[in-house]
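Report on the structure
Read off the chains here:
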Amino acid sequence: MHTTLPTASLGKSGMHLTRVGFGAWAIGGGGWRYGWGEQDDAESVAAIRHAVERGVNWIDTAAVYGLGHSEKVVANALRGLPEKDRPYVFTKAGVVWDDADHSVPPWRAGAPDSIKREVEDSLRRLEVERIDLYQMHWPPQDGTPLEEYWQVFLDLKQEGKVRAVGLSNHDVPQLEQAEAMGHVDSLQPQFSAIYRDAAASVLPWCEGNGTGVIVYSPMGSGLLTGAFTAERAAQLEAGDWRSGHPDFSGDGLARNLALAAALREIAERRETTVAAVAVAWTLAFPGVTGAIVGARRPTQVDGWLPAAELELGEDDMADIASAIERTGAGSGPSRVA
(Lines give C-alpha, C1' and ligand atoms only; values in the text may rest on other atoms or scores of the structure.)
Protein backbone atom coordinates (compact mmCIF):
# COMPACT_ATOMS: atom_id res chain seq x y z
CA MET A 1 0.00 0.00 0.00
CA HIS A 2 1.07 3.59 -0.51
CA THR A 3 1.83 5.61 2.61
CA THR A 4 3.10 9.07 3.41
CA LEU A 5 4.66 7.86 6.66
CA PRO A 6 8.41 7.11 6.83
CA THR A 7 9.36 3.50 6.12
CA ALA A 8 12.32 1.21 6.76
CA SER A 9 13.38 -1.96 5.00
CA LEU A 10 12.51 -5.23 6.74
CA GLY A 11 15.93 -6.78 6.30
CA LYS A 12 16.32 -8.32 2.84
CA SER A 13 12.62 -9.18 2.45
CA GLY A 14 11.85 -6.43 -0.06
CA MET A 15 9.11 -5.08 2.21
CA HIS A 16 9.31 -1.50 3.45
CA LEU A 17 7.41 -0.99 6.69
CA THR A 18 6.11 2.09 8.39
CA ARG A 19 7.97 2.58 11.65
CA VAL A 20 4.85 1.53 13.58
CA GLY A 21 2.52 -1.37 12.86
CA PHE A 22 -0.84 -2.36 14.28
CA GLY A 23 -0.59 -5.07 16.96
CA ALA A 24 -3.61 -7.36 17.16
CA TRP A 25 -2.99 -9.27 20.41
CA ALA A 26 -5.52 -7.46 22.60
CA ILE A 27 -8.30 -7.51 20.00
CA GLY A 28 -8.32 -11.30 20.20
CA GLY A 29 -10.68 -10.85 23.14
CA GLY A 30 -11.12 -12.75 26.38
CA GLY A 31 -11.85 -16.31 27.35
CA TRP A 32 -8.29 -17.61 27.06
CA ARG A 33 -5.21 -17.71 29.26
CA TYR A 34 -3.39 -14.65 27.87
CA GLY A 35 -6.36 -12.49 26.89
CA TRP A 36 -6.88 -8.82 27.70
CA GLY A 37 -10.51 -9.29 28.70
CA GLU A 38 -13.57 -9.04 26.49
CA GLN A 39 -13.30 -6.69 23.50
CA ASP A 40 -15.77 -5.02 21.17
CA ASP A 41 -15.10 -6.45 17.70
CA ALA A 42 -16.71 -3.46 15.98
CA GLU A 43 -14.34 -1.11 17.81
CA SER A 44 -11.40 -3.37 16.97
CA VAL A 45 -12.30 -3.27 13.27
CA ALA A 46 -12.67 0.52 13.47
CA ALA A 47 -9.23 0.79 15.11
CA ILE A 48 -7.56 -1.28 12.38
CA ARG A 49 -9.24 0.66 9.60
CA HIS A 50 -8.33 3.96 11.24
CA ALA A 51 -4.67 2.92 11.47
CA VAL A 52 -4.62 1.86 7.81
CA GLU A 53 -6.35 5.07 6.71
CA ARG A 54 -3.70 7.04 8.58
CA GLY A 55 -0.94 5.26 6.64
CA VAL A 56 0.11 2.29 8.83
CA ASN A 57 1.08 -0.39 6.31
CA TRP A 58 1.38 -3.58 8.36
CA ILE A 59 -0.55 -5.59 10.92
CA ASP A 60 0.92 -8.19 13.26
CA THR A 61 -1.24 -10.92 14.74
CA ALA A 62 -0.88 -14.59 15.75
CA ALA A 63 -3.00 -17.69 15.51
CA VAL A 64 -3.17 -18.01 19.28
CA TYR A 65 -4.45 -14.46 19.93
CA GLY A 66 -8.01 -15.11 21.03
CA LEU A 67 -7.53 -18.71 19.87
CA GLY A 68 -7.99 -17.77 16.22
CA HIS A 69 -10.31 -14.82 16.83
CA SER A 70 -7.77 -12.05 16.24
CA GLU A 71 -7.00 -13.32 12.74
CA LYS A 72 -10.72 -13.33 11.94
CA VAL A 73 -11.11 -9.75 13.19
CA VAL A 74 -8.16 -8.67 11.03
CA ALA A 75 -9.77 -10.35 7.99
CA ASN A 76 -13.05 -8.60 8.72
CA ALA A 77 -11.32 -5.23 8.92
CA LEU A 78 -9.49 -5.69 5.63
CA ARG A 79 -12.28 -7.36 3.69
CA GLY A 80 -13.17 -5.39 0.58
CA LEU A 81 -10.09 -3.16 0.59
CA PRO A 82 -8.60 -2.69 -2.88
CA GLU A 83 -5.30 -4.55 -3.28
CA LYS A 84 -3.34 -1.29 -3.50
CA ASP A 85 -4.68 -0.20 -0.10
CA ARG A 86 -4.13 -3.46 1.76
CA PRO A 87 -1.46 -3.48 4.46
CA TYR A 88 0.99 -6.32 4.92
CA VAL A 89 -0.36 -9.00 7.25
CA PHE A 90 2.01 -10.88 9.55
CA THR A 91 1.08 -13.82 11.78
CA LYS A 92 2.69 -16.56 13.84
CA ALA A 93 2.59 -20.31 14.41
CA GLY A 94 3.86 -22.64 17.09
CA VAL A 95 1.36 -22.02 19.91
CA VAL A 96 -1.66 -24.31 19.83
CA TRP A 97 -4.72 -24.84 21.99
CA ASP A 98 -7.49 -27.25 22.93
CA ASP A 99 -10.60 -26.31 20.94
CA ALA A 100 -12.75 -28.34 23.31
CA ASP A 101 -11.52 -26.62 26.47
CA HIS A 102 -10.34 -23.01 26.26
CA SER A 103 -9.42 -23.00 29.93
CA VAL A 104 -6.43 -25.22 29.14
CA PRO A 105 -3.34 -23.01 28.69
CA PRO A 106 -2.05 -22.93 25.09
CA TRP A 107 1.17 -24.88 24.58
CA ARG A 108 4.21 -24.40 22.35
CA ALA A 109 4.46 -26.94 19.57
CA GLY A 110 7.00 -27.27 16.77
CA ALA A 111 6.16 -30.55 15.07
CA PRO A 112 6.27 -30.12 11.27
CA ASP A 113 2.76 -31.53 10.80
CA SER A 114 1.44 -29.01 13.33
CA ILE A 115 3.09 -26.05 11.57
CA LYS A 116 1.77 -27.20 8.19
CA ARG A 117 -1.73 -27.46 9.61
CA GLU A 118 -1.46 -24.11 11.36
CA VAL A 119 -0.47 -22.20 8.23
CA GLU A 120 -3.51 -23.52 6.38
CA ASP A 121 -5.75 -22.51 9.27
CA SER A 122 -4.25 -19.01 9.34
CA LEU A 123 -4.61 -18.59 5.57
CA ARG A 124 -8.28 -19.51 5.91
CA ARG A 125 -8.99 -17.25 8.90
CA LEU A 126 -7.11 -14.30 7.37
CA GLU A 127 -8.80 -14.86 3.99
CA VAL A 128 -5.53 -14.51 2.09
CA GLU A 129 -3.65 -16.65 -0.42
CA ARG A 130 -0.24 -15.72 0.99
CA ILE A 131 0.96 -14.53 4.39
CA ASP A 132 3.44 -11.67 4.12
CA LEU A 133 5.52 -12.68 7.14
CA TYR A 134 5.15 -16.00 8.96
CA GLN A 135 6.92 -16.31 12.31
CA MET A 136 7.64 -19.06 14.82
CA HIS A 137 6.09 -17.59 17.95
CA TRP A 138 8.28 -19.26 20.61
CA PRO A 139 10.83 -22.06 20.80
CA PRO A 140 8.68 -25.18 21.25
CA GLN A 141 8.22 -27.19 24.41
CA ASP A 142 7.53 -30.50 22.66
CA GLY A 143 11.17 -31.34 21.96
CA THR A 144 11.09 -30.50 18.24
CA PRO A 145 14.62 -29.43 17.18
CA LEU A 146 14.96 -26.00 15.59
CA GLU A 147 16.22 -27.44 12.33
CA GLU A 148 12.97 -29.38 11.92
CA TYR A 149 10.53 -26.51 12.40
CA TRP A 150 12.69 -23.91 10.66
CA GLN A 151 12.91 -26.15 7.59
CA VAL A 152 9.11 -26.13 7.40
CA PHE A 153 9.13 -22.33 7.40
CA LEU A 154 11.74 -22.25 4.64
CA ASP A 155 9.70 -24.75 2.62
CA LEU A 156 6.54 -22.65 3.01
CA LYS A 157 8.44 -19.65 1.65
CA GLN A 158 9.71 -21.71 -1.29
CA GLU A 159 6.16 -22.91 -1.99
CA GLY A 160 4.87 -19.33 -2.03
CA LYS A 161 2.43 -19.72 0.84
CA VAL A 162 4.37 -17.09 2.77
CA ARG A 163 6.47 -14.20 1.50
CA ALA A 164 9.00 -13.99 4.33
CA VAL A 165 9.82 -16.05 7.42
CA GLY A 166 10.95 -15.03 10.87
CA LEU A 167 11.44 -15.99 14.47
CA SER A 168 9.93 -14.49 17.60
CA ASN A 169 11.36 -14.78 21.12
CA HIS A 170 14.49 -16.62 19.95
CA ASP A 171 18.03 -15.92 21.18
CA VAL A 172 21.31 -15.40 19.33
CA PRO A 173 22.43 -19.08 19.27
CA GLN A 174 19.03 -20.05 17.87
CA LEU A 175 19.21 -17.29 15.27
CA GLU A 176 22.66 -18.47 14.20
CA GLN A 177 21.44 -22.04 13.90
CA ALA A 178 18.48 -20.99 11.76
CA GLU A 179 20.54 -18.62 9.61
CA ALA A 180 22.91 -21.47 8.73
CA MET A 181 19.95 -23.26 7.13
CA GLY A 182 18.25 -20.33 5.41
CA HIS A 183 17.98 -16.60 5.93
CA VAL A 184 16.00 -15.33 8.91
CA ASP A 185 14.03 -12.46 7.37
CA SER A 186 12.96 -11.00 10.69
CA LEU A 187 13.04 -11.31 14.45
CA GLN A 188 10.31 -10.23 16.85
CA PRO A 189 11.64 -9.63 20.38
CA GLN A 190 10.06 -7.92 23.36
CA PHE A 191 11.63 -4.48 23.66
CA SER A 192 10.68 -1.35 25.56
CA ALA A 193 12.18 1.12 28.02
CA ILE A 194 11.20 -1.48 30.65
CA TYR A 195 12.34 -4.66 28.82
CA ARG A 196 15.66 -3.62 27.30
CA ASP A 197 17.71 -6.84 27.19
CA ALA A 198 17.37 -7.22 23.40
CA ALA A 199 19.61 -4.17 22.93
CA ALA A 200 22.60 -6.13 24.23
CA SER A 201 22.00 -9.35 22.32
CA VAL A 202 19.65 -9.93 19.42
CA LEU A 203 19.47 -6.37 18.04
CA PRO A 204 23.20 -6.20 17.19
CA TRP A 205 23.07 -9.70 15.71
CA CYS A 206 20.14 -8.79 13.46
CA GLU A 207 21.76 -5.57 12.33
CA GLY A 208 24.89 -7.48 11.36
CA ASN A 209 23.07 -10.23 9.51
CA GLY A 210 20.50 -8.34 7.44
CA THR A 211 17.60 -9.50 9.58
CA GLY A 212 14.75 -7.05 10.13
CA VAL A 213 13.42 -6.46 13.64
CA ILE A 214 9.86 -5.68 14.66
CA VAL A 215 9.70 -5.21 18.42
CA TYR A 216 6.64 -5.97 20.52
CA SER A 217 5.16 -4.32 23.62
CA PRO A 218 7.11 -1.06 23.12
CA MET A 219 4.71 0.66 25.55
CA GLY A 220 5.17 -2.02 28.20
CA SER A 221 1.68 -3.47 27.64
CA GLY A 222 0.13 -0.14 28.57
CA LEU A 223 2.44 0.94 31.38
CA LEU A 224 4.19 3.56 29.25
CA THR A 225 1.14 5.05 27.56
CA GLY A 226 0.84 7.90 30.02
CA ALA A 227 -2.72 6.82 30.80
CA PHE A 228 -1.92 3.99 33.20
CA THR A 229 -2.24 4.49 36.98
CA ALA A 230 -1.99 2.42 40.15
CA GLU A 231 -5.77 2.69 40.47
CA ARG A 232 -6.26 1.27 36.99
CA ALA A 233 -3.86 -1.57 37.75
CA ALA A 234 -5.87 -2.46 40.85
CA GLN A 235 -9.04 -2.60 38.78
CA LEU A 236 -7.79 -4.91 35.99
CA GLU A 237 -10.33 -7.66 35.52
CA ALA A 238 -9.45 -11.27 36.22
CA GLY A 239 -9.65 -12.07 32.49
CA ASP A 240 -6.82 -9.62 31.75
CA TRP A 241 -3.41 -11.38 31.89
CA ARG A 242 -1.84 -8.25 33.37
CA SER A 243 -3.86 -8.57 36.58
CA GLY A 244 -1.49 -11.23 37.94
CA HIS A 245 1.80 -9.93 36.56
CA PRO A 246 4.46 -8.36 38.85
CA ASP A 247 4.95 -5.44 36.45
CA PHE A 248 1.46 -4.32 37.39
CA SER A 249 1.68 -4.48 41.18
CA GLY A 250 3.90 -3.54 44.09
CA ASP A 251 7.41 -2.17 43.62
CA GLY A 252 7.52 -3.16 39.95
CA LEU A 253 4.45 -1.06 39.19
CA ALA A 254 5.79 1.89 41.19
CA ARG A 255 9.09 1.89 39.26
CA ASN A 256 7.35 1.56 35.92
CA LEU A 257 4.93 4.40 36.61
CA ALA A 258 7.82 6.59 37.77
CA LEU A 259 9.49 5.99 34.41
CA ALA A 260 6.25 6.83 32.59
CA ALA A 261 6.08 10.10 34.55
CA ALA A 262 9.60 10.96 33.38
CA LEU A 263 8.60 10.29 29.78
CA ARG A 264 5.77 12.78 30.20
CA GLU A 265 8.30 15.58 30.71
CA ILE A 266 9.92 14.72 27.38
CA ALA A 267 6.54 14.40 25.66
CA GLU A 268 5.58 17.89 26.82
CA ARG A 269 8.89 19.27 25.60
CA ARG A 270 8.40 17.65 22.18
CA GLU A 271 4.66 18.49 22.09
CA THR A 272 3.64 14.88 21.63
CA THR A 273 2.25 11.99 23.67
CA VAL A 274 3.93 9.80 26.28
CA ALA A 275 3.03 6.77 24.16
CA ALA A 276 4.78 8.25 21.13
CA VAL A 277 7.94 8.92 23.15
CA ALA A 278 7.94 5.35 24.51
CA VAL A 279 7.62 3.88 21.03
CA ALA A 280 10.11 6.27 19.44
CA TRP A 281 12.67 5.26 22.08
CA THR A 282 12.64 1.70 20.72
CA LEU A 283 12.90 2.94 17.13
CA ALA A 284 16.07 4.91 17.98
CA PHE A 285 18.07 1.69 18.46
CA PRO A 286 20.15 0.47 15.49
CA GLY A 287 18.65 -2.58 13.81
CA VAL A 288 15.01 -1.90 14.76
CA THR A 289 12.81 -1.76 11.66
CA GLY A 290 9.49 -1.04 13.35
CA ALA A 291 7.45 -1.35 16.51
CA ILE A 292 4.22 -3.30 16.97
CA VAL A 293 1.74 -1.12 18.81
CA GLY A 294 -1.65 -2.34 20.01
CA ALA A 295 -4.96 -0.52 19.98
CA ARG A 296 -8.53 -1.47 20.79
CA ARG A 297 -10.13 1.82 19.75
CA PRO A 298 -9.34 4.43 17.08
CA THR A 299 -8.45 7.01 19.74
CA GLN A 300 -5.68 4.72 21.00
CA VAL A 301 -4.16 4.70 17.51
CA ASP A 302 -4.01 8.48 17.59
CA GLY A 303 -2.07 8.26 20.87
CA TRP A 304 0.89 6.39 19.40
CA LEU A 305 0.77 7.25 15.70
CA PRO A 306 3.05 10.32 16.12
CA ALA A 307 5.87 7.86 16.90
CA ALA A 308 5.90 6.99 13.19
CA GLU A 309 7.57 10.32 12.49
CA LEU A 310 9.12 11.24 15.84
CA GLU A 311 12.92 11.20 16.05
CA LEU A 312 14.23 11.64 19.57
CA GLY A 313 17.34 13.78 19.93
CA GLU A 314 20.47 12.99 21.93
CA ASP A 315 19.19 15.07 24.83
CA ASP A 316 15.89 13.17 24.84
CA MET A 317 17.66 9.80 24.84
CA ALA A 318 20.03 10.93 27.60
CA ASP A 319 17.12 12.09 29.75
CA ILE A 320 15.33 8.78 29.27
CA ALA A 321 18.49 6.84 30.15
CA SER A 322 18.85 8.90 33.32
CA ALA A 323 15.21 8.27 34.21
CA ILE A 324 15.65 4.51 33.69
CA GLU A 325 18.68 4.48 35.95
CA ARG A 326 17.04 6.72 38.56
CA THR A 327 13.78 4.75 38.78
CA GLY A 328 15.33 1.29 38.54
CA ALA A 329 12.61 0.22 36.12
CA GLY A 330 13.10 -2.98 34.16
CA SER A 331 16.38 -4.48 33.00
CA GLY A 332 18.93 -4.15 30.21
CA PRO A 333 20.97 -1.31 28.66
CA SER A 334 19.54 2.17 29.18
CA ARG A 335 21.46 3.76 26.31
CA VAL A 336 22.21 3.13 22.65
CA ALA A 337 25.67 1.57 22.45
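Higher on the page you've got the structure.
One structure accompanies this document, and this report is about it.

Conventions we followed
- Residues numbered from 1 in each chain as written.
- Predicted model: local features only at pLDDT ≥ 70, side-chain atom pairs only at ≥ 80, totals over all residues.
- Heavy atoms only, no water.
- Helix = DSSP H or I, 4+ residues; strand = E, 2+ residues; numbered from the N terminus.
- Buried < 20%, exposed > 50% of the residue type's maximum accessible area, 1.4 Å probe, protein only.
- Axes fitted to C-alpha atoms, helices over the stretch in contact; angles between N-to-C directions.
- Parallel < 35°, antiparallel > 145°, perpendicular 65-115°, else oblique.
- Left-handed = near helix turned anticlockwise from the far one by under 90°.
- Contact = heavy atoms within 4.5 Å.
- Nonpolar A, V, L, I, M, F, W, Y, C, P; charged D, E, K, R; others polar.
- Salt bridge = Lys/Arg side-chain N within 4 Å of Asp/Glu carboxyl O.

1. Concerning the environment of T61
By the secondary structure assignment, T61 is in the loop between β4 (58–60) and α2 (69–78). Taking the relative accessible area as the measure of exposure, T61 reaches 0% and is therefore buried. Sequence-wise, T61 and K72 are 11 residues apart; in three dimensions their C-alpha atoms are separated by 10 Å.

2. A word on the packing of helix α5 (residues 172–181) against helix α6 (residues 202–209)
Geometry of a packed helix pair, given as the angle between the helix axes and the separation of the axes. The contact between α5 and α6 brings their axes to 10 Å, and the two run at 25 degrees. Compared by their axis directions, α5 and α6 come out roughly parallel. For α5 against α6, the interelement crossing comes out right-handed. Here α5 contributes V172, L175, E176 and E179 to the contact with α6, which in turn contributes V202, W205, C206 and N209. Broken down by class, the residue content of the contact of α5 with α6 amounts to five nonpolar, one polar and two charged.

3. Things to note about the pattern of salt bridges
Applying the stated criterion to the full structure yields 12 salt bridges. One salt bridge in this structure joins R79 and E127, with 2.7 Å as the shortest N-O distance. Of this pair, R79 sits in the loop between α2 and β5 (88–93) while E127 sits in the loop between α3 (112–126) and β8 (131–136), placing them 48 residues apart in sequence. Residue classification places E127 among the partly exposed positions, given a relative accessible area of 46%. Through salt bridges with shared partners, a single ionic network connects R269, R270, D316 and D319.

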